[in-house]
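Commentary on secondary and tertiary structure
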Amino acid sequence: MNQKIWVGTNWKMTKTISEGLAYTEELVRISKKVSNNIELFIIPSYTALTSISELTSQSRIHIGAQNMHWEDSGAYTGEISPRMLDEIGIEIVELGHSERRQYYKENDADINKKVHAALRYDMKPLVCIGENIVEKKNNISKETLAAQLKVCLKDLTKEEASSVMIAYEPVWAIGENGIPADSGYVAEIHAFLREELIQLFGEVGSDIPLLYGGSVNHENIIEYIDIVDVNGLFIGRSAWETERFEEILRKLENHLYN
Ligand code: PEP
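Below is a short write-up of the structure. (Residues numbered from 1 in each chain as written. Predicted model: local features only at pLDDT ≥ 70, side-chain atom pairs only at ≥ 80, totals over all residues. Heavy atoms only, no water.)

Side note on the site of the ligand
Around the ligand lies a shell formed by Lys-12, His-97, Glu-169, Ala-173, Ile-174, Gly-175, Gly-214, Ser-215, Phe-234, Ile-235, Gly-236 and Arg-237. In this structure, Lys-12 approaches the ligand through a side-chain N or O atom, which is 2.5 Å from an oxygen atom. Bound to the protein, the ligand loses 98% of the 290 Å² it would expose on its own. The residue inventory of the shell around the ligand, partitioned by class, reads 4 nonpolar, 5 polar and 3 charged. (Near = heavy atom within 4 Å. Polar contact = N/O pair within 3.5 Å; in protein donor to acceptor, adjacent residues only side chain to side chain. Areas by Shrake-Rupley, 256 points an atom, 1.4 Å probe, with all protein chains shown as cover. Nonpolar A, V, L, I, M, F, W, Y, C, P; charged D, E, K, R; others polar.)

Right, here's the structure in full:
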């Protein structure tokens, strides 16, 4: 198997600059032994972005931001604009993580504006979608996800869509209290998302990377990556220590490329 996969982690609000730098130095070392078929990325907190992107500039690790406003500049206290992220060479912007949706009331229409803004600056939007437990129990996961995709990606040209990545992260599977999703369920949902992307963007939809996230760890990683429409993994807690992340990468590498 030669297909590229995306593997990365969002640090959320966990690491200071010095902690982030120590982690990244170690990850740069680890990355030298990782197959070029694995596109590695990390998504630090805003304060650490500048120093971490300097540290990784000569490496193959991609750096992302955890969020962004859609305007270039303006009276939006506490926000960071695409222009600011562009200035420090950020390549990926994570948009619509379930914690942003839950605690800061971000909705799909906001995320859509952010997607357009990121693309204006040649940054890759990593758009997070996922149903919550009530939606799942009411059997409306697919309807929910289809609506999220449609609104978050509204008015993108096919060419623009080809720069987007999607992370499917069922809300009930994420974080400390998350229940890891059954791989059969993930396979069904990813196949559905692939069809929806093809409906929206034709052939381009076949190539949009679909990442899976939610309590991914070294024990379940192979089950998930073996799913046809899983093109990468978006990891939280299990990648916040480099030793554990390295174990995951080594397992993936042995399974996929050796
Ligand atoms: C997340 O919050 O996006 C996530 C995937 O976290 P975890 O892996 O810790 O469930």
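Remarks on the side chain of His-190
When you line up the elements, His-190 lands in helix 9 (residues 183-201). Residue His-190 is classed as buried on the basis of its relative accessible area, which comes to 0%. When residues no more than four places from it in sequence are discounted, the contact partners of His-190 are Tyr-168, Leu-210, Leu-211, Tyr-212, Asp-229 and Val-230. (Helix = DSSP H or I, 4+ residues; strand = E, 2+ residues; numbered from the N terminus. Buried < 20%, exposed > 50% of the residue type's maximum accessible area, 1.4 Å probe, protein only. Contact = heavy atoms within 4.5 Å.)

Structural notes on the nonpolar core
If you look at the biggest cluster of nonpolar residues, it comprises 71 residues, and the most contacted ones within it are Ile-166, Tyr-212, Leu-233 and Leu-252. In terms of residues, this core owes the most to one element, helix 9, which gives 7 residues. The residues contacting Ile-166, other than those within four sequence positions of it, are Leu-126, Val-127, Ile-129, Leu-149, Leu-153, Leu-197, Ile-208, Pro-209, Leu-210 and Leu-211. Membership of the second largest hydrophobic core comes to 10 residues, among which are Phe-41, Leu-126, Cys-128 and Phe-234. (Core = buried A, V, L, I, M, F, W, Y, C linked by side-chain atoms within 4.5 Å.)

Concerning the packing of helix 5 (residues 108-120) against helix 7 (residues 141-152)
It is at 8 Å that the axes of helix 5 and helix 7 come closest, and there the two elements cross at 40°. One way to sum up the angle between helix 5 and helix 7 is to call them oblique. Contacts between helix 5 and helix 7 involve Asp-108, Ala-109, Ile-111, Asn-112 and Val-115 from the former and Ala-147, Gln-148, Val-151 and Cys-152 from the latter. The class makeup of the residues in the contact of helix 5 with helix 7 is 6 nonpolar, 2 polar and 1 charged. (Axes fitted to C-alpha atoms, helices over the stretch in contact; angles between N-to-C directions. Parallel < 35°, antiparallel > 145°, perpendicular 65-115°, else oblique.)

Here we look at the side chain of Ser-35
On the secondary structure map, Ser-35 appears in the loop between helix 1 (17-31) and strand 2 (38-43). The buried category is assigned to Ser-35, whose relative accessible area is 13%. Beyond its immediate stretch of four places on either side in the chain, Ser-35 contacts Arg-60, Glu-253 and Tyr-257.

As for the packing of aromatic side chains
Using the criterion set out here, one finds 7 aromatic pairs in the structure. Geometrically, the ring pair formed by Tyr-212 and Tyr-224 is tilted, given 4.7 Å between the ring centres and 45° between the ring planes. Here the residue Tyr-212 occupies a position in strand 7 (residues 210-213), and Tyr-224 occupies one in helix 11 (residues 221-225), the gap between them amounting to 12 residues. Its relative accessible area of 0% is what places Tyr-212 among the buried residues. Using a relative accessible area of 1% as the deciding quantity, one classes Tyr-224 as buried. Cluster of aromatic residues (ring-pair linked, three or more members): Trp-6, Phe-41 and Phe-234. (Phe/Tyr/Trp six-rings, centres within 6.5 Å; stacked < 30°, edge-to-face > 60°.)

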